[in-house]
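Report on the structure
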Amino acid sequence: MVPGMRLVLDTDVMVAAFRSDRGASRQLLLAALDRKVTLLMSVPLMLEYETVLTRPEQLEHTSLTTEDTNAVLDAIAEVIEPVTLRFLWRPSCRIRAMKWFWKRR
């Protein structure tokens, strides 16, 4: 790993890390837990991890309980660098149809 590397792990990467102990996803997660890289995370992302990783089909595939999964997520929460999300902008649209779409929201 590159010293000082900062990562955001998408939910599919986290699922892969939980499902397989041999893949690159698991290695990234372990590097974050060992503080070899900095894991960036927002509250909505952590909630998404929890929601997805505690689904019955995920628990069945990983052979973990909800409590086990939450314990791992707690360990991850101990090592993350929190990121605050701010949405003070809207995308600028050059295409007329897209302007209509954004006005309707």
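Heads up: the structure comes first, above all this text.
Structure report, in brief. Here the structure is a predicted model, which is why all the values come from computation and not from measurement.

Turning our eyes to something else, we now look at the pattern of salt bridges. Scanning all chains against the criterion turns up two salt bridges. For the salt bridge of R6 with E81, the shortest nitrogen-to-oxygen distance reads 2.6 Å. On the criterion of sequence distance, the pair formed by R6 in strand 1 (residues 6-7) and E81 in strand 3 (residues 80-82) is long-range, its members being 75 residues apart. Linking R22 and D21 is a salt bridge whose minimum nitrogen-to-oxygen distance equals 3.8 Å.

Attention now moves to unusual backbone geometry. Positive phi values are uncommon outside glycine, yet R35 reaches one of about 60°. One can find R35 in the loop between helix 2 (24-33) and strand 2 (38-41). Despite not being glycine, S63 shows a phi value in the positive range, around 60°. Tracing the backbone shows S63 in the loop between helix 4 (56-62) and helix 5 (66-79). On the basis of relative accessible area, S63 is assigned to the exposed category, the value being 65%.

Here we have three strands laid out as an open sheet, ordered 1-2-3, and parallel in their pairing. Of all the strands in the sheet, the pair left with one neighbour each is strand 1 and strand 3. Of the pairings in the sheet, the one linking strand 2 to strand 3 comprises three bridges and is parallel in character. Each bridged residue has a counterpart across the sheet, and for L39 the counterpart in strand 3 is I80.

Moving on, we come to the nonpolar core. Counting 19 residues, the largest nonpolar core has M14, L39, M41, Y49, L53 and I76 as its most contacted members. For this core, the secondary-structure elements that each account for two or more residues are helix 1 (11-19), helix 2, strand 2, helix 3 (43-53) and helix 5. When residues in this core are grouped by element, the largest group, five residues, is from helix 3. Aside from chain neighbours lying at most four places away, what touches M14 is L9, L29, Y49, L53 and I76.

Scoring rules and cut-offs
Residues numbered from 1 in each chain as written. Predicted model: local features only at pLDDT ≥ 70, side-chain atom pairs only at ≥ 80, totals over all residues. Heavy atoms only, no water. Salt bridge = Lys/Arg side-chain N within 4 Å of Asp/Glu carboxyl O. Helix = DSSP H or I, 4+ residues; strand = E, 2+ residues; numbered from the N terminus. Buried < 20%, exposed > 50% of the residue type's maximum accessible area, 1.4 Å probe, protein only. Pairing = 2+ DSSP bridges. Core = buried A, V, L, I, M, F, W, Y, C linked by side-chain atoms within 4.5 Å. Contact = heavy atoms within 4.5 Å.

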